[in-house]
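Letter by letter, the chains look like this.
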Amino acid sequence: MPRYDFTDIESRWQHYWDENRTFHAPGPGEEGFDPKQPKFYVLDMFPYPSGAGLHVGHPKGYTATDVLSRFLRMRGYNVLHPIGWDSFGLPAEQYAIQTGTHPAETTAANIVNFTSQLKALGFSYDWQRELATTDVDYYRWTQWIFTKLYERGLAYQAEVPVWWCEALGTVLANEEVIDGRSERGDHPCVRRPLRQWMLKITAYAERLLADLEDLDWPESVKAMQREWIGRSEGGEIDFQVEGHSQTFTVFTTRPDTLFGATFCTLSPEHPLVEKVTGSEQRAAVEAYRLEASRKSDLERTALAKDKSGVFTGAFALNPVYPEGDPRRRMPIYVADYVLMSYGTGAIMAVPGGDERDFDFAVEHDLPIVQIVEPPSFPKDPAEAEKIGLVRQTEHQGQAAYCFTGVGRAIHSDFLNGLAKAEAVKAMIEWLQAQDCGRPRVTYRLRDWLFSRQRYWGEPFPVLHGEDGEVKLVDESDLPVSLPALDDFKPTSSGDPPLARATDWLEVVDADGKVWKRETNSMPQWAGSCWYYLRFCDPKNQDQAWSQKAENYWMPVDFYVGGAEHAVLHLLYARFWHKVLFDCGLVSTSEPFQKLVNQGMVQSFAFKDRRGALIPVDRVEEREEGHYFDQESGEPVERLIAKMSKSLRNVVTPDSVIQEFGADTIRLYSAFMGPVTASAPWNPRDLPGVHRFLQRTWRLFVPEEEDGPPLHPWLLEQKDGDEEVERALHKAIAKTTEDLEQLALNTAIAAMMEFVNVATRKGGRLSRSQAERFTLLLSPFASHLAEELWSKLGHNDTLAYEPWPEFDPAMLVEDTLDLPVQINGKVRARIQVPRQASREQVEETAMAEVGERLEGLQVRKVVVVPGRLVNLVVAKS
RNA sequence: GGGGGGGUAGCCCAAUUGGCAGAGGCAAGGGACUUAAAAUCCCUCAAGUGCGGGUUCGAGUCCCGCCCUCCCUACCA
C-alpha cells in the first residue's frame, strides 16, 4: 500500500471507532468508569438538523472541540464530548407545510444525513449519548422542568401585546423579530394582544447580570448580555394630573433634573392617555394613536429622527414648584418616541438635559430650562459635543442648549452647585420625604414569551378546566406526547394546530372532571436550555438526570459555538440553570464555565461592474488575482462574504472529503487561523495541509508500489538522529503548550516544522520518534495517526495512549546566536555559550563591533540575557 | 450614535506580551529527478507592521490623535 489512500484509511477507522465504541465515556455507576481520573466536559452547541446538511463552516468549531477532546483523553481525563440534535422548530415545519411531508419524517431523515456527515469527519463524539429534543424520552423532561418553573411561580399566563407573524402563523419572541420582521423567513410582523405563556426571567435579571463577572467568556458576549439585561439605576417619580384624581409614574435616571422638566410624554399605548385626554384633543390623539399602532418599530424608532406627538390637553404637576408657579403645570403629550415596553411607558421631559426631549421641545415650542451648567462653551461644535453640549440654538427668544455631560446643578433650588451623583441622591431623598418618588432600578430585559401557535414543538404539560382553572399534568402522566396530526398547518384563526387534535385534546380526570389540554407549544429554545444536563445521563428513564452524574460532569468546562447565540440561547439556558440550581437539582449556579465563539468561515463571492452577484461556479481566474464571468466575459470583483444560498458560494464538506479526505479538512479548518477568527474558505490552500499529511505518510511508508508496508528501520529499536530528536521535543513542547490555549494553527505549524526537519535529514525516524510523532499528530489527523499506529504494530486504538513527553533540556541550544545592536539597530551577531555571564557577553559584543565604535562614546550597554545586546552610543 | 473584534510579505497567518519582524502554509521564481508530464525533493523571493505623534537604550506590542474594515446594537428615558 504505497500511496496515502485516505478514503480507505478513513472509512476503516470510522468503522473501528463505531464498532468498538472507542469514545464512549462511562459515567458514574457505569462499567469501566474510573473515578480517579479528572473529568472534562467539552461541548459543541448542538446543531439544528437542517435539510441543507453541513457546510464547511460547521467543522471549524467541531474540529476545535474534537482536537481538544482527543488531547485531553490522552492526558488522562474522562472526557465527556457528546452530540445531539436541536430538532424542534420552525424550519422543519415550514418545509413540511410546503411539501406536505410530516416534520417527524423530515427531521428523522435530516438527522440521518447529519450523523453520516459528522461521522465522515471522524469526530470523537460519544454516540451512545446522542439525543434529540424531539424524542419523547427527552421532551418529557423538558415538560417536567416546565412544571418546576410553574410551581415556583416563574411561568404564568398573560394577555400581552406580542409579535404576531401572519405568514408563520405564530407569535414570536422579541428576540426573534428584527426591525418588525421575523428572523426566520423575514416575514412582516405586527403587534397583537394575545393570551400567552410567559417565563419570569426578569426575576433573575440581577443574578444573570452579576454572575457574568466570573465566567470565562468572550468580553463581547458578556457585553451583549449586559446590554440585553440593560440594568439602569434611577428613580421613580409620581405626578398628579391637574383636575384629575389620576396620577402616573415615570422612571428616570436623572431625578436631579426634575427642576428642568417642562412637559411629560406618554407612550401612545399608555392607559392614562384615554383617561386624561381632553375632548378638544380627543380626535387628534386618537388619530395619532392609530397611526402609531400601524407603524412598525423600525418606523417608530430607527427611521424616525423627527419627534412627532400631540398634546392631550391635560397637565401634570411638577412637585418641585409651588402652587401658582407657572412652571408647576407641565403639558402632557403623547409621543411615539416613548415606548410602552420600557420603564413605565411615561417620561418627564427635560429638554435642557436630554437630546430627544430637546428636539421635541423645539419642534413643539415648549419651554427649555437649563438645569446643569456645562464647564465651558467650546466654539467648535465637535468639541462641544465631546463634553456633552449636544445642542445649542435660539429658542423662544433666548439661547438654549441641551447639556448631557458632567456639570453642576443650576436653577434647581436645593440642588444648586451639586455634582450629579449628590444631586440625584438629594432629589430622591426629597421625593421620598414628599412621598412622591423613590429609588428604582429598571431592566430592559422583559419576561420571556414562551408559547408558540405551532405544531412542531413540545406540548405544555398544562390542563385547562371549563371553569378557567389551570393545573399541571401530574408528573406520573408525563410525557404529554405530541399527537400525530396529519394537518399541522397553522390555522387562519390563530388557534394553534394542536386544537385540531380532538382525541388528544380532552382529558377526564379521576373525579370525572373534563379538562382541555393547552394547545400552544414551547419555542425552540426550550429544548436547548438543558440538553447539556441530559448529556450527563441521557438514558435515564426515571429522572432527567441523576444527581451523581450531574455532580461528576457539570459544569461544562468548554463550550464552543457561534456568536449568534450570544444572548438568546445562552441567556435562556443560564436562566433555567439558575432555577434548577434554586430547586437543588444542579450543583453549580452557572452551566458553562468557558465559552469560545468560533469564527465564521466565509467564502468568496463575485460581483460584476453593476454590482450584481455572479455565482461562484460561473467565475474563472484567468490570471493571478483577476476574475472573469464566463458567460459575459466581463471582469468581476472578488469579495468575502458569509456563505449563503443566494450568493451561491456554499462549500459542503462532502466534496472536500472526497478529494482530500477528512483529515485534510480537519487540518485545514484548524490551520486557517485562530479558532475565534473569521476567514474565507480558500480551496487553494487545501493542498498545502494535504501535502503535509502525505509527507508524514512517506516518513512511515515506502513509496514503491511493491514495497513493504513500513520502512524497515521503523521496526528496529535504535536511537534516532540527535537533531531530529531535538526537533521532536520542540514540536511536542510547542504542540502541548498550544493545545492548552486552543492555538491549533500554530500547533500544526510546529508539527509541519518537525516533518520538514525530519524529511531534510533523510526521513529516517527511529521507531520511538515515529511513535511519539504519531501520537502528537493524532488529535488532528486522527485517521492517519491510527493507521500509522497500527502499522507500527499496535493492535489497539491510540486514543487513550499517554500524551508524549518532552525534556526541557532538549529545547535549549548550547550556543546562543545573539544580535548586537548599536542604538537599536542590528549591526553584528555573536556566538556565546549559553552559560556565558553578562560580562562575557558584553565583552564579546564589544570586541565584535569595536571598529564601528571609533570616535563614539558608549554610554550604556543593555544586555538582555539570551536575547540581545544593545550598545547606546553618542558622538564623543 | 454606542459596544466588541481586526488591519504584519501578492494571500491566509506567526512573533516568548517591550527585545533579531517570520514559525507554518499558499502563490511566484529557479534547480534536481523524468524521454516528457504529474508527483516528489532542494533552493530563492518578498513586507519594516493602516496613518500621524509620544514614551523608551529598544515599539507590531505601551500612550495620545486619526483612517479603514467586520460583527453586534441602536429614540431604553
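Residues numbered from 1 in each chain as written. Chains lettered and ligands numbered in written order. Predicted model: local features only at pLDDT ≥ 70, side-chain atom pairs only at ≥ 80, totals over all residues. Heavy atoms only, no water.

Trainee: Could you clarify how one ought to interpret the overall build of chain A in this entry?
Mentor: Along the backbone of chain A there are 26 helices and 37 strands. C-alpha extents for chain A along the principal axes are approximately 105 × 95 × 65 Å. Looking at chain A as a whole, 54% of its 876 residues qualify as buried. Sequence separation of 24 or more characterises 70% of the internal contacts of chain A that already satisfy a separation of 6 or more. Of the roughly 39,700 Å² that chain A leaves accessible, carbon and sulfur atoms contribute 48%. Averaging the positions of the 95 positive and the 130 negative side-chain charges in chain A gives two centres separated by 3 Å. (Helix = DSSP H or I, 4+ residues; strand = E, 2+ residues; numbered from the N terminus. Buried < 20%, exposed > 50% of the residue type's maximum accessible area, 1.4 Å probe, protein only. Contact = heavy atoms within 4.5 Å. Areas by Shrake-Rupley, 256 points an atom, 1.4 Å probe, with all protein chains shown as cover. Lys, Arg positive; Asp, Glu negative; His and termini not counted. Charge placed at Lys NZ, Arg CZ, Asp CG, Glu CD.)

Trainee: Whenever I open this one, the packing of aromatic side chains confuses me. Can you help?
Mentor: Any two aromatic rings considered together are summarised by their centre-to-centre distance and by the angle between their planes. Inspection of every chain in the model, using the stated rule, returns 53 aromatic pairs. Ring pairs connect the aromatic residues F146, Y150, W197, Y204, W448, F450, F460, W525, Y572, F575 and W576, which therefore count as one cluster. One cation-aromatic arrangement involves R140 over W141; the distance from NZ or CZ to the ring centre is 4.5 Å. Between R329 and the ring centre of F315, over which it is positioned, the NZ or CZ distance is 3.9 Å. (Phe/Tyr/Trp six-rings, centres within 6.5 Å; stacked < 30°, edge-to-face > 60°. Lys NZ or Arg CZ within 6 Å of the ring centre and 35° of its normal.)

Trainee: Would you mind going over the protein's contact with RNA strand B with me for this structure?
Mentor: Of all residues adjacent to RNA strand B, which total 51 residues, the nearest are T253, P674, M752, R829 and R867. Taking the atoms of RNA strand B that fall within 4 Å of the protein, sugar and phosphate contribute 63% of them. Contacts to RNA strand B include T252, whose side-chain N or O atom sits 3.1 Å from a sugar or linking oxygen. One of the side-chain nitrogen or oxygen atoms of N745 is found 3.4 Å away from a phosphate oxygen of RNA strand B. Elements represented by at least two residues in the surface near RNA strand B include exactly helix 7 (219-229), strand 11 (247-252), helix 21 (686-700), helix 23 (744-760), strand 34 (815-822), strand 36 (856-864) and strand 37 (868-875). Sorting elements by how many residues they give to the surface near RNA strand B places helix 23 first, with seven residues. Broken down by class, the residue content of the surface near RNA strand B amounts to 20 nonpolar, 13 polar and 18 charged. (Near = heavy atom within 4 Å. Polar contact = N/O pair within 3.5 Å; in protein donor to acceptor, adjacent residues only side chain to side chain. Nonpolar A, V, L, I, M, F, W, Y, C, P; charged D, E, K, R; others polar.)

Trainee: Any chance you could explain the pattern of salt bridges here in plain terms?
Mentor: Once the charged atoms of two side chains with opposite charge are near each other, the side chains can pair. Overall, the coordinates contain 46 salt bridges when judged by the stated rule. Salt-bridge contacts for K471 lead to D509; the nearest nitrogen and oxygen are separated by 3.9 Å. With a gap of 38 residues between them, K471 in strand 23 (residues 470-472) and D509 in the loop between strand 24 (506-508) and strand 25 (514-517) connect regions that are remote in the sequence. Here K761 makes a salt bridge to E723, at a shortest N to O gap of 3.4 Å. With K761 in the loop between helix 23 and helix 24 (767-777) and E723 in helix 22 (residues 722-740), this pair connects stretches of sequence that are 38 residues apart. (Salt bridge = Lys/Arg side-chain N within 4 Å of Asp/Glu carboxyl O.)

Trainee: Quick question: what am I supposed to make of the pairing of strand 28 (residues 601-607) here?
Mentor: Within a regular strand, the side chains alternate between the two sheet faces. Strand 28 sits mainly inside the fold: six of its seven residues count as buried. Across two bridges, strand 28 lies against strand 33 (residues 679-680) in parallel orientation. When the bridges of strand 33 are listed, Q602 appears paired with P680. The pairing of strand 28 with strand 32 (residues 635-642) spans six bridges and is antiparallel. Within strand 32, the position partnered with Q602 by the bridge is K642. As paired elements, strand 28 and strand 29 (residues 613-614) share two bridges and run antiparallel to each other. Looking at the pairing, F606 lines up with I614 of strand 29. (Pairing = 2+ DSSP bridges.)

Trainee: Help me understand the sheet that holds strand 21 (residues 448-449) in this model?
Mentor: The strands that make up a sheet pair up through hydrogen bonds in the backbone, lying either parallel or antiparallel. Strand order across the open sheet formed by four strands is 6-5-9-21, with antiparallel pairing between neighbours. Two strands bound the open sheet, and with one partner strand each, they are strand 6 (170-172) and strand 21. Pairing of strand 5 (residues 155-165) with strand 9 (residues 189-199) involves eleven bridges; the strand directions are antiparallel. Its bridge partner being in strand 9, W163 is matched across the sheet by R191. Packing of helix 5 (residues 136-151) onto the sheet brings it into contact with strand 5 and strand 9, and relative to strand 9 it is tilted by some 85 degrees. (Axes fitted to C-alpha atoms, helices over the stretch in contact; angles between N-to-C directions.)

Trainee: Looking at this structure, how should I read the nonpolar core?
Mentor: Generally speaking, a soluble globular protein has its nonpolar side chains buried in company with each other. If you look at the biggest cluster of nonpolar residues, it comprises 87 residues, and the most contacted ones within it are L118, W681, F700, L744, F754, F773 and F780. When residues of this core are assigned to their parent elements, the largest contribution, nine residues, is made by helix 23. Counting residues in hydrophobic clusters, the runner-up holds 86 residues, among them W141, F450, W545 and L580. (Core = buried A, V, L, I, M, F, W, Y, C linked by side-chain atoms within 4.5 Å.)

Trainee: Can you help me understand the side chain of Q143 in this one?
Mentor: With respect to the helices, strands and loops of the structure, Q143 is situated in helix 5. A relative accessible area of 0% places Q143 in the buried class. The contact partners of Q143, leaving out residues within four places of it in the chain, are P459, P461, L478, P479, V480 and M522.

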